[in-house]
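Structural overview for review
So the chains spell out like this:
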Amino acid sequence: MGTSRPYDDWLIMNESITSDSLSHVAGYPEFFNVETTLLLCAFSCLIGVLVGRKTSGLQRNSAKNLGGGQRREKQDVDYGNVIDSAFEARPFAKKLKVLCHPDRFAGNESKQKLAEALHQEVEENSHNLKELKLLELRIKTELTDP
Amino acid sequence: MIANFWNRILDWFEDRKDRTILVRSFNKAAKAAFISGAVPTLLTASVSRGDSSYRHQHSHWLYSGFRIVAFSGRQLSRPELKDVGLTVLQNPELSRQLVVLGFDTLEVQPNVGQFGLKWELRDHMMIG
């Protein structure tokens with residue numbers, strides 16, 4: 001004994017509407033069919049691969065041309081120093097300015113000139129902690145030592 | 001002509017990558033310094049619209065500002081903000097790299113308050 005599906009009539013009734021709408025959708029945007037979409041995907045993949053190969057090739061060539069000893073990457077900036085300098089450099093520079101102030105060496109002319117030069121350098125690098133640490137070393141060796 | 005066009009496409013991709021790397025490297029270093037306790041404030045860099053009056057030959061057409069936001073939880077004073085900005089400007093490698101990558105404005109601002117500072121990067125390139 002066969003069981004009849006409850007919505008058969010309903011499906012049959014709407015069949016024409018469904019087929020009409022399907023045919024409408026199928027014929028509507030002719031540009032976006034499967035072939036065009038696949039072609040677009042393939043084209044964008046090709047562009048991506050070519051760009052990737054070209055850029056990596058350029059980087060390899062530039063690194064090769066620069067040579068071993070002179071090889072300088074683009075990431076040459078010492079970001080750690082930049083961040084540290086933002087908060088520590090000013091008080092450190094202030095301390096160094098006191099240490100190498102020319103008035104401290106009033107009796108010794110050569111040291112006074114050296115102190116002036118170092119004071120100037122500290123002033124110029126007052127926001128670069130790395131340079132200030134090197135200058136501190138110079139101040140200690142050249143000015144304070146006998 | 002096709003080669004020229006192709007090179008321009010490549011340059012665009014290369015520049016975009018470099019800009020992203022610069023901002024990410026800065027943020028990474030700032031996070032590491034903050035986590036280790038070396039600095040009291042977390043600095044976060046981002047790309048902003050910039051100031052159109054500071055434009056130069058290499059400026060990016062839309063996003064030409066390099067913004068540093070200091071997450072301190074308080075209104076930073078003018079000398080504190082100035083120190084952060086001058087640290088970037090007195091680093092010749094960083095300031096030149098910023099200009100070459102299409103930035104023309106350096107902005108420093110705290111995460112609270114309305115006060116911020118901005119500099120024209122072209123003036124601090126230390127050329128010659």
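Keep in mind that this is a model prediction, so the values were computed, not measured.

1. Details of the interface of chain A and chain B
Counting residues at the interface gives 25 residues for chain A, matched by 29 residues for chain B. Note on chain A versus chain B: buried area summed over both sides is about 2,500 Å², and carbon and sulfur give 63% of it. The interface formed by chain A and chain B contains one salt bridge. Close ionic contact of D83 of chain B with R90 of chain A constitutes a salt bridge, the shortest N to O distance being 2.5 Å. The interface formed by chain A and chain B holds three residue pairs in polar contact (both at pLDDT 80 or more) in total. Within the residue set of the side of chain A that touches chain B, elements represented by two or more residues are helix 2 (34-66) and helix 3 (79-99) of chain A. Among the elements that take part in the side of chain A that touches chain B, helix 3 of chain A stands out by supplying 10 residues, more than any other.

2. Details of the pairing of strand 3 (residues 105-110) of chain B
Residue and element names in this part refer to chain B. For strand 3, a buried count of five out of six residues is recorded, marking the element as mostly surrounded by other parts of the structure. Here strand 3 runs beside strand 4 (residues 117-120); their pairing, made up of four bridges, is antiparallel. Of the residues in strand 4, the one forming a bridge with V108 is L117. Taking the residues that link successive antiparallel strands as the turn, the strand 3-strand 4 hairpin has six residues, and the phi of G113 there is positive, at about 90°.

3. A look at the environment of K17 of chain B
Looking at the secondary structure, you find K17 of chain B in helix 1 (residues 2-36). Residue K17 of chain B is classed as partly exposed on the basis of its relative accessible area of 35%.

4. Points about the packing of helix 3 of chain A against helix 4 (residues 109-124) of chain A
All names here are of chain A. Two elements in contact, helix 3 and helix 4, have axes whose closest approach is 9 Å; the angle formed by their N-to-C orientations is 170°. By the angle class used here, helix 3 and helix 4 are roughly antiparallel. Residues A93, L96 and K97 of helix 3 form the contact with helix 4, whose participating residues are H119, V122 and E123. A breakdown of the residues in the contact of helix 3 with helix 4 according to their chemical character gives three nonpolar, one polar and two charged.

5. Regarding the side chain of S85 of chain A
For S85 of chain A, the location among the structural elements is in helix 3. Judged by its relative accessible area of 1%, S85 of chain A is buried. Those residues in contact with S85 of chain A that sit more than four places away from it in its chain are H127, N128 and L129 of chain A together with T87 of chain B.

6. Thoughts on the pattern of salt bridges
Two side chains carrying opposite charge are able to pair once their charged atoms lie near each other. All names here are of chain B. Following the criterion strictly, the structure yields 10 salt bridges over all chains and no others. Between K118 and D51 there is a salt bridge, with its nearest N and O atoms 2.7 Å apart. Taken together, the residues span a long stretch of sequence, with K118 in strand 4 and D51 in the loop between strand 1 (42-48) and strand 2 (65-71) at a distance of 67 residues. The partly exposed category is assigned to K118, whose relative accessible area is 45%. Of the residues examined, D51 reaches a relative accessible area of 15% and is grouped as buried.

7. Quick look at the packing of helix 4 of chain A against helix 5 (residues 129-144) of chain A
All names here are of chain A. Helix 5 packs onto helix 4 with a crossing angle of 170° between their chain directions and a minimal axis gap of 11 Å. When the axis of helix 4 is compared with that of helix 5, the two are roughly antiparallel. Judged by residue contacts, K111, L114, A115, L118, E121 and V122 of helix 4 engage L132, L135, R138, I139, E142 and L143 from helix 5. Considered class by class, the residues forming the contact of helix 4 with helix 5 number eight nonpolar, no polar and four charged.

8. Examining the confidence of the model for chain A
For any part of a model where pLDDT is low, the fine detail of the predicted coordinates should not be relied upon. Residues and elements named next belong to chain A. Looking at chain A, pLDDT values average 75 and 62% of them are 70 or higher. When mean pLDDT is compared element by element in chain A, helix 3 scores highest at 91, while helix 1 (residues 8-27) scores lowest at 54. Confidence over residues 66-73 falls short of pLDDT 50; this stretch has four contacts with residues more than four positions distant or in other chains.

9. Here's the deal with the packing of aromatic side chains
For the coordinates displayed, the defined rule picks out four aromatic pairs over all chains. Ring centres of W12 of chain B and F13 of chain B lie 5.3 Å apart, and the angle between their planes is 85°; on these two criteria the pair is classed as edge-to-face. On the basis of relative accessibility, which here comes to 38%, the residue F13 of chain B falls in the partly exposed class. Relative to F103 of chain B, the ring of F66 of chain B lies with its centre 5.5 Å away and its plane at 70°, an arrangement referred to as edge-to-face. Separated by 37 residues along the polypeptide, F66 of chain B in strand 2 and F103 of chain B in the loop between helix 3 (92-100) and strand 3 bring together distant segments of the chain. Residue classification places F66 of chain B among the buried positions, given a relative accessible area of 0%. The class of F103 of chain B is buried, set by a relative accessible area of 0%. Through a chain of ring-to-ring contacts, the aromatic side chains of Y79 of chain A together with F26, F66 and F103 of chain B assemble into a single cluster.

What counts, and at which threshold
- Residues numbered from 1 in each chain as written.
- Chains lettered and ligands numbered in written order.
- Predicted model: local features only at pLDDT ≥ 70, side-chain atom pairs only at ≥ 80, totals over all residues.
- Heavy atoms only, no water.
- Contact = heavy atoms within 4.5 Å.
- Buried area = accessible area lost by both parts, 1.4 Å probe.
- Salt bridge = Lys/Arg side-chain N within 4 Å of Asp/Glu carboxyl O.
- Polar contact = N/O pair within 3.5 Å; in protein donor to acceptor, adjacent residues only side chain to side chain.
- Helix = DSSP H or I, 4+ residues; strand = E, 2+ residues; numbered from the N terminus.
- Buried < 20%, exposed > 50% of the residue type's maximum accessible area, 1.4 Å probe, protein only.
- Pairing = 2+ DSSP bridges.
- Axes fitted to C-alpha atoms, helices over the stretch in contact; angles between N-to-C directions.
- Parallel < 35°, antiparallel > 145°, perpendicular 65-115°, else oblique.
- Nonpolar A, V, L, I, M, F, W, Y, C, P; charged D, E, K, R; others polar.
- pLDDT = per-residue confidence, 0-100.
- Phe/Tyr/Trp six-rings, centres within 6.5 Å; stacked < 30°, edge-to-face > 60°.

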